[in-house]
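The lines below spell out each chain.
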Amino acid sequence: MKEQNYMAKNLRSYKELRKLTMKEFAIELGIPLSTLRTVLKAGNTTLHTAIQISRRLGISLDMLTSDRDFPDKLFFMDQMQRTASWFASLPAEKKDVFAKLVTDMWTMVINSELNRENEND
C-alpha cells in the first residue's frame with residue numbers, strides 16, 4: 001500500500017472513531033471540506049496541509065502517513081482517554097481502592113512473566 005493511502009485510511013479511522021461528520025472533521029483539522037474530501041479519497045495533499053493535519057491531531061506526520069497500525073493505536077489511545085476520564089470522576093477513596101487493585105494486578109502479571117522466564121532458563 002502506498003503511503004498516501006495510509007494517510008487516507010488513518011484519517012478515515014480517526015473520523016469514524018470520533019463519530020465526526022465531514023464538516024466537523026474539516027473544521028477540527030482547519031482545512032476546507034473540499035480538501036478533506038480529496039485527502040480521504042486518495043490520500044493526496046500538499047506537505048503544508050499534511051503537516052497542519054498532523055499538528056491538529058497531535059500526532060507525528062510519520063504516524064499519519066505511514067503507520068499501518070495507526071487505527072489500532074488510535075483505538076487504544078481512545079480507550080485510555082476514556083478510562084482516565086472515568087478515573088478522574090471517581091471520589092478520592094474509590095480512586096485509592098482502584099489504584100491498589102490495578103497495582104496488585106500488574107504485580108501478578110509481572111511475577112507471572114518472571115516465573116515463566118525462569119522456567120525457560
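Since this is a predicted model, take the numbers as computed values, not measurements.

Caption draft 1: Quick look at the overall build of the protein chain. Each helix and strand counted, the protein chain has seven helices and zero strands in total. Across the protein chain, helices and strands are ordered from the amino to the carboxyl terminus as α-α-α-α-α-α-α. Taken over C-alpha atoms, the radius of gyration comes to 20 Å for the protein chain, far larger than the 14 Å a tight globule of 121 residues would show. Across its three principal axes, the protein chain shows a C-alpha extent of roughly 55 × 45 × 20 Å. Here the protein chain, with 121 residues, has 25% of them falling under the buried criterion. Of all intrachain contacts in the protein chain linking residues separated by at least 6 positions in sequence, the fraction that spans at least 24 positions is 53%.

Caption draft 2: View of a nonpolar patch on the surface. Residues Met 105, Trp 106, Val 109, Ile 110 and Leu 114 make up a contiguous nonpolar surface patch of roughly 500 Å² in combined accessible area. Turning to its location among the elements, Val 109 is positioned in helix α7 (residues 92-120). Its relative accessible area of 40% is what places Val 109 among the partly exposed residues.

Caption draft 3: How the structure looks around the packing of aromatic side chains. Enumeration according to the criterion identifies three aromatic pairs in this entry. With a centroid separation of 5.6 Å and an interplanar angle of 25 degrees, the aromatic rings of Tyr 14 and Phe 25 are classed as stacked. Pair noted here: Tyr 14 is in helix α1 (residues 3-18) and Phe 25 is in helix α2 (residues 22-29), with a separation of 11 residues, a long-range link. Phe 25 shares its class with Tyr 14; the two are buried. Summarising the aromatic geometry, the rings of Phe 87 and Phe 98 are spaced 5.7 Å apart at their centres and angled 45 degrees between planes, so their arrangement reads as tilted. One end of the pair, Phe 87, is in helix α6 (residues 70-88); the other, Phe 98, is in helix α7, with 11 residues separating them in the sequence.

Caption draft 4: Summary view of the confidence of the model for the protein chain. This prediction gives the protein chain a mean pLDDT of 88; 96% of its residues lie at or above 70. Across the protein chain, α2 holds the top mean pLDDT of 96, while α1 sits lowest at 84.

Caption draft 5: How the structure looks around the nonpolar core. Formed by 18 residues in total, the largest nonpolar core has its most connected members in Leu 11, Phe 25, Ile 53 and Leu 57. Other than its neighbours up to four places away in sequence, Ile 53 contacts Met 7, Leu 11, Leu 29, Ile 31 and Leu 64.

Caption draft 6: A look at the pattern of salt bridges. In this structure the tally under the stated criterion is five salt bridges. For Lys 73, the salt bridge is made with Asp 67, and the minimal N-O distance between the two is 2.6 Å. Note that Asp 104 and Lys 100 form a salt bridge whose closest N and O atoms lie 3.0 Å from each other. Of this pair, Asp 104 and Lys 100 both sit in helix α7, separated by four residues, roughly a single helical turn. The partly exposed category is assigned to Asp 104, whose relative accessible area is 32%.

Thresholds, definitions, all that
- Residues numbered from 1 in each chain as written.
- Predicted model: local features only at pLDDT ≥ 70, side-chain atom pairs only at ≥ 80, totals over all residues.
- Heavy atoms only, no water.
- Helix = DSSP H or I, 4+ residues; strand = E, 2+ residues; numbered from the N terminus.
- Rg over C-alpha atoms; globule rule 2.2 N^0.38 Å.
- Buried < 20%, exposed > 50% of the residue type's maximum accessible area, 1.4 Å probe, protein only.
- Contact = heavy atoms within 4.5 Å.
- Patch = residues over 30% accessible without salt bridge, like charges linked within 9 Å, V, L, I, M, F, W, Y side chains within 5 Å.
- Areas by Shrake-Rupley, 256 points an atom, 1.4 Å probe, with all protein chains shown as cover.
- Salt bridge = Lys/Arg side-chain N within 4 Å of Asp/Glu carboxyl O.
- Phe/Tyr/Trp six-rings, centres within 6.5 Å; stacked < 30°, edge-to-face > 60°.
- pLDDT = per-residue confidence, 0-100.
- Core = buried A, V, L, I, M, F, W, Y, C linked by side-chain atoms within 4.5 Å.

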